[in-house]
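Structural overview
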Amino acid sequence: MTHDHPAATDRAAPRPFGRLLTAMVTPFTADGSLDLDGAARLAAYLVDEQGNDALVVNGTTGESPTTSDAEKERLVRAVVEAVGGRAQVVAGVGTNDTRHTIELAGAAEKAGAHGLLVVTPYYSKPPQAGLFGHFTAVADATGLPVMLYDIPHRSGVPIATETLCRLAEHERIVAAKDAKGDLVATSWVTSRTDLAFYSGEDALTLPALAIGGVGLVGTSTHLTGALTKQMIEAYDRGDQASALALHRRLLPLFTGIFRTQGTILVKAALAAHGLPAGPVRPPLVDAVEAEIAQLRADCAEAGLELSS
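Residues numbered from 1 in each chain as written. Predicted model: local features only at pLDDT ≥ 70, side-chain atom pairs only at ≥ 80, totals over all residues. Heavy atoms only, no water.

1. Describing the layout of surface pockets
Condition: In the cavity and pocket records, a cavity denotes points on a 1 Å grid over the protein atoms alone where a 1.4 Å probe fits but cannot get out, a pocket denotes an open set with protein on both sides within 12 Å along at least 5 of 7 lines, and lining residues are residues with an atom within 4 Å of a point. Grid points are joined across faces, edges and corners, and a volume is the space filled by probe spheres set on the points. Secondary structure counts use DSSP, requiring at least four H or I residues in a row for a helix and at least two E residues in a row for a strand, with both numbered from the N terminus. Residue classes follow a fixed rule: Ala, Val, Leu, Ile, Met, Phe, Trp, Tyr, Cys and Pro count as nonpolar, while Asp, Glu, Lys and Arg count as charged, and any other residue, Gly among them, counts as polar.
Reported here for the largest pocket is a volume of approximately 540 Å³. Residue lining of the largest pocket: 31 residues in total, with G59, T60, S64, P65 and Y122 positioned closest to the centre. Elements with a contribution of two residues or more to the lining of the largest pocket: α2 (69–83), α3 (98–110), β4 (115–119) and α5 (152–155). The biggest single contributor to the lining of the largest pocket is β4, with 3 residues. Its residues assigned to classes, the lining of the largest pocket shows 12 nonpolar, 14 polar and 5 charged. Within this model, the second largest pocket holds a volume of roughly 380 Å³. If you go around the second largest pocket, you meet 26 residues; those closest to its centre are I151, R154, G200, T219 and F258. Looking at the lining of the second largest pocket, the elements with two or more residues in it are α5, β8 (215–218), α10 (240–256) and α11 (262–272).

Here is the structure:
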């Protein structure tokens, strides 16, 4: 199957950002500074070898809490320049400050991003009216399509079903990254709106497809992207047996990449393969040998080799 590449403004597109997206790590040099050349090479690998239709940059996996606004803008520009002609680049811009989020959204638009990922404001736990106002203000601020990011175990508050349904009426709110883990709630939203739901949990991709989801924004997909894409395409063509077999094969990595914080193990795996990654920034800590050994075992169980 060819990559879905509908125009970003096509409200009726069932997959406004394609089937497979990876929340890309941000490569750093050995001294912890931003590695833009590495980011370009990693983006090309994720698109050309792992089959991603789009990449999310400046997400949590990209260590957005520890990168400056200027670094975020430079990263978007570098990735757009590297792969923007053959994949969409979605910029994470969400914070728990609406004004700051709007500033980041404007900067991402100027840097060439094709879409925005906007996480639920975290820590301050605003009521649903506050969430609705926040997401609407950000969507009003640029001409880019918006993917909401519902992840209550990090943000502290879920986006309620009714709030999601109201937000879906906004012409530029076209998708949701769903890490709520509540397939019943998700079912209600997919049945009542045309929001494109992308699983935000790698291991829930297949069940999410069964209730109207359209794809994945993944973390393990730095390693499993090509096979995960095959799983989604198998489900799309009605070959549920093949899709289930791939789900079961990849389950050790879908879950194993999160034995500690996901960025830590992704960067360890990329480094093992000679791909750009570099260290993590504090308060994260780099993987220790025992964690890398376990990751190597998880890769082996999924039929993938982690270089040593």
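2. Brief notes about the packing of α3 against helix α4 (residues 128–141)
What counts is decided by this rule: Only the contacting stretch of a helix is used when fitting its axis, a line to C-alpha atoms as for every element, and angles between N-to-C directions run 0 to 180 degrees. For classification, angles of less than 35 degrees are called roughly parallel, those exceeding 145 degrees roughly antiparallel, those between 65 and 115 degrees roughly perpendicular, and all remaining angles oblique. Each crossing is labelled by how the near helix is turned from the far one, with a counterclockwise turn of less than a right angle marking it left-handed and a clockwise turn marking it right-handed. Note on contacts: a residue pair qualifies if any of its non-hydrogen atoms lie within 4.5 Å across the two residues.
Direction vectors running N to C along α3 and α4 enclose 25 degrees, while the axes themselves pass 9 Å from each other. The angle between α3 and α4 falls in the class roughly parallel. Crossing of α3 against α4: the hand is right-handed. For the pair formed by α3 and α4, the contact residues are T98, T101, I102 and A105 on the first element and H134, A137, V138 and A141 on the second. Considered class by class, the residues forming the contact of α3 with α4 number 5 nonpolar, 3 polar and no charged.

3. Some points on the nonpolar core
Our working definition: Among buried residues, the Ala, Val, Leu, Ile, Met, Phe, Trp, Tyr and Cys ones that are joined through side-chain atoms within 4.5 Å form a nonpolar core. Exposure classes here rest on a 1.4 Å probe applied to the protein chains alone. A residue is buried below 20% of its type maximum, exposed above 50%, and partly exposed in between.
One finds M24, L55, V79, V93, L116, L148 and L295 to be the most contacted residues of the largest nonpolar core, which totals 60 residues. The contacts of L148, once residues within four sequence positions are left out, are L117, V118, F135, I159, L164, L167, I173, A175, A176 and K177. With 18 residues, the next largest nonpolar core counts M147, A175, A179 and A196 among its residues.

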